[in-house]
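# Summary of structural features
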Amino acid sequence: MSSATRQQRILGIVQGTRARPARFRDEQITMAHGAGGKASQSLIEGLLLPALQNDALAALGDAAVLSVSGTALALSSDIFVVRPIRFPGGSIGELAVNGTVNDLAVSGARPLALTLSLVLEEGLSAADLRAETEAIARAADAAGVQVVAGDTKVVERGHADQMYACTTGLGVLDPRARLSPSGLARGDRILLSGRIGEHGMAVMLARQEFALEAQISSDTRSLWPAADALLQAAGRDLHCMRDATRGGVASALNELARASGVAALVSEAHVPVAPAVAGAGELLGIDPMYVANEGKLVAFVAPASADGALRALRAVPGCEHAADIGEVVLEPPGMVLVDTAFGGRRVMDLLAGDPLPRIC
Amino acid sequence: MRFVQEFRDAGLGRALAGEILALVEPGRTYKLMEVCGGHTHSIYRYGIDGLLPDGVELVHGPGCPVCVLPMGRVDDGIAIAHEPDGIFTGSGDMLRVPGSRGSLLETKAQGADVRIVYSPLDALGIARLHPDREVVFFAIGFETTAPSTALTLKRAKAEGIANFSCICNHVTIVPPLRALLESPDLRLDGFIGPGHVSSIVGARPFQFIPADYKRPLVISGFEPLDVLQSIHMLLAQLAGGRCEVENQYRRVVPWEGNPRALEVMAEVFELRPHFEWRGLGFISHSGLKLSAAYAELDAERRFAIPGVRVADPKACQCGEVLKGVIKPWECKVFGTACTPERPIGTCMVSPEGACAAYYSYGRYAQERELV
């Protein structure tokens, strides 16, 4: 067998392995399983999906879509664990509301109501809990949803870290578009709703593990206004939206390219990054494309409607820096390619685990 | 970002790529090794390889600290991490390196107190904070990171912090380069020299490469224009029949290196008679241990460690990959038994490792070749 044929055969095997549903073969859970990269994918596709299989779950959307007496409803749930619970620009209470509201919004559903469950650690100060409750009320008010049910549990000191929150959200599917993670089509423009990496970087710096100070605030906010503007401007030409949370824009694009069997081609120079985030990422050796956002979405829009959609998006408060960052192409399927600002081209893969600062 | 963005100018990059093309003799192949993993990272991060003419091929060298760490040393670290009441600290990437039975991250999941630190001084800070617990720092890296470990140990000694110790896996860059150059199957035309290491050791230690082995070396910075300019300088040497050590990274690397850093290293460390490298085997005088004056801070003396040499998995060909003898995809387990999620060899662990890079980028790279 010639060298080139052998190389091609081996790359074919690699491609096959990557395309198959990830298997879960680990003997214990490590932090990598929670990082939103390949290990998380193996946990979801390899363990949870096969055990619980049904059509609504298998779509792997940000929210499940259910039809109840002819009404299409969206249902989504999320758990919030963040240390420290308060950081520049937000706190766990706001995240708990906006995170679930955003999963509904990017599924094309108008958020209606939330449930809220709290796990509280023995010894948590009442002032902290009161502050978070107020933050939840404010965020729910701003997002136009009501918290209609919930639960609280208290665990012994050391069995939780201050407080964890879980919210489940119900929304009604908006008829203006039909969105799907597998809906990406050749030629679609990729719109990004603003500057990336602010939430993850703000929390990382708030932990004070690095001797580094920068003016970076979390971007936590409801994405329904942005989603609403896109639905209005693009209608059926809006094919898919996703909020770029854990794992950042890179992971969101990879998941969708994989689900649609297409490639995403991103122009690095067009990705908006605040100078402070770019600088902190540079120092720490962390690519902002992999850093979490809590108020940014990527949207895939047919080219005819893309310019109008971008204009509409930029008119939404908080989305002033929205940009067209690339397009959907057919080859190589399931991959994300980046045209670097330097003029080269590379692959932007899922991370295997947490983004870790490089040592040198 | 000022003073960084200037070195990422796409227009200058295209111009340099054009000048590189002009230096290439038609039909000739140039194999250049970038010694340092930091360069490998830049090359992929900016897509530099795609800007080079067909005949110029980059080979990834042994300068990735995570990639060359042998399994036995990881096992030693894991044994110490299991000590009751201890706190084990190390850099992030290193914690993912597989030993013979799992990695330090898995040890953490089993209940050991394993913490990621960003500097050895952070580990010392943890020791100050927990005077009743033994805090161990797992030190890895070339001359780039060795001085900060040395300074930390000096400080620990001066402050009399008794609960701090270090398991030293620092290595030096010249011995593996010599081992590579002695290898009979070597086919390299020149070296892109390690920039950060050279900021400590200077340019002089590399002069044996042109003198004894007739290969040019250009010490290079890490921004894309640095790497391209270094490639240009190497090709200009080859075209002009010259063969010497040149310094492209003059804004950081003084010819003499950093004498103060070398002084601290000489005080705190001494050469081991030999040290094992993943894939390359034992190399004489290539590893550092704590000197007699710092023996009390040596975790290898303080704790009982297995110290067993664990053979690299038979199927794994990291050594040949590190020497540039085979391409990652030519390894028997590449992409099948060995993947970034479940690495067998270290080249698959670090994003700077040649195999991990090729696993992620290979299919795309080949499609480009076929176009």
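These numbers were taken from a predicted model, which means no experiment stands behind them.

Cut-off values and rules
- Residues numbered from 1 in each chain as written.
- Chains lettered and ligands numbered in written order.
- Predicted model: local features only at pLDDT ≥ 70, side-chain atom pairs only at ≥ 80, totals over all residues.
- Helix = DSSP H or I, 4+ residues; strand = E, 2+ residues; numbered from the N terminus.
- Rg over C-alpha atoms; globule rule 2.2 N^0.38 Å.
- Buried ≥ 20, exposed ≤ 12 C-beta atoms within 10 Å, placed from the backbone.
- Contact = placed C-beta atoms within 7 Å.
- Pairing = 2+ DSSP bridges.
- Axes fitted to C-alpha atoms, helices over the stretch in contact; angles between N-to-C directions.
- Expected span 1.5 Å × (residues − 1).
- Domains from an automatic or database assignment.

Further remarks concern the overall build of chain A. Tallying secondary structure elements over chain A gives ten helices and 14 strands in all. Relative to a compact globule of 360 residues, whose C-alpha radius of gyration would be 21 Å, chain A shows 20 Å and is just as compact. Principal-axis analysis of the C-alpha atoms gives chain A an extent of 70 × 50 × 45 Å. Among the 360 residues that make up chain A, the fraction classed as buried is 51%. When contacts within chain A are restricted to residue pairs at least 6 apart in sequence, those whose partners lie at least 24 apart make up 82%.

Moving on, we come to the sheet that holds strand β5 (residues 134-141) of chain B. Residues and elements named next belong to chain B. Spatially, the four strands line up as an open sheet ordered β4-β3-β5-β6, and their pairing is parallel. Edge strands, defined here as strands with exactly one partner in the open sheet, are β4 (114-116) and β6 (164-170). Strand-to-strand twist across the sheet, computed as the mean angle between neighbouring axes with direction ignored, equals 20°. Where helix α6 (residues 146-159) meets the sheet, its contacts fall on β5 and β6, and the angle it forms with β6 comes to roughly 160°.

Here the focus is α6 of chain B. Residue and element names in this part refer to chain B. Spanning 14 residues, α6 covers 20 Å between terminal C-alpha atoms, matching the ideal 20 Å at 1.5 Å per step. Residues of α6 that are buried include every one of Ala-146, Pro-147, Thr-149, Ala-150, Thr-152, Leu-153 and Ala-156, and no others. Positive backbone phi, at 65°, marks Gly-160, one or two positions downstream of α6.

Here we come to unusual backbone geometry. The residue after Arg-83 of chain A, namely Pro-84 of chain A, is reached through a cis peptide bond having omega -5°. The residue Pro-84 of chain A is located in the loop between β2 (71-80) and β3 (86-87) in this model. With an omega of -10°, the peptide bond between Glu-331 of chain A and Pro-332 of chain A qualifies as cis. Examined against the element boundaries, Pro-332 of chain A turns out to sit in the loop between β12 (323-329) and β13 (336-339). For Lys-214 of chain B, which is not a glycine, the phi torsion comes out positive at approximately 55°. As for its placement among the helices and strands, Lys-214 of chain B is situated in the loop between α9 (208-213) and β8 (217-219). Judged by the 9 C-beta atoms lying within 10 Å of it, Lys-214 of chain B is exposed. Here His-285 of chain B, not a glycine, exhibits a phi torsion of approximately 50°, which is positive. Within the secondary structure, His-285 of chain B is located in the loop between β12 (281-284) and β13 (288-290). A residue is classified by how many C-beta atoms lie within 10 Å of it, and His-285 of chain B, with 14 of them, is partly exposed.

Residue and element names in this part refer to chain A. Along its sequence, chain A is organised into domain 1 (22-51), domain 2 (62-173) and domain 3 (189-347). The centre of domain 2, based on its C-alpha atoms, is set 23 Å off from the matching centre of domain 3. Counting from both sides, the interface comprises 22 residues of domain 2 and, opposite them, 21 residues of domain 3. Every element with two or more residues in the side of domain 2 that touches domain 3 is listed here: α4 (92-106), β5 (109-121) and α5 (126-143). With nine residues, α4 is the largest single contributor of residues to the side of domain 2 that touches domain 3.

Turning our attention to the interface of chain B and chain A. Counting residues at the interface gives 44 residues for chain B and 39 residues for chain A. Going through the elements one at a time, α1 (10-23), α2 (37-46), α4 (104-109) and α14 (354-370) of chain B are the ones with two or more residues in the side of chain B that touches chain A. No other element matches α14 of chain B, which puts eight residues into the side of chain B that touches chain A.

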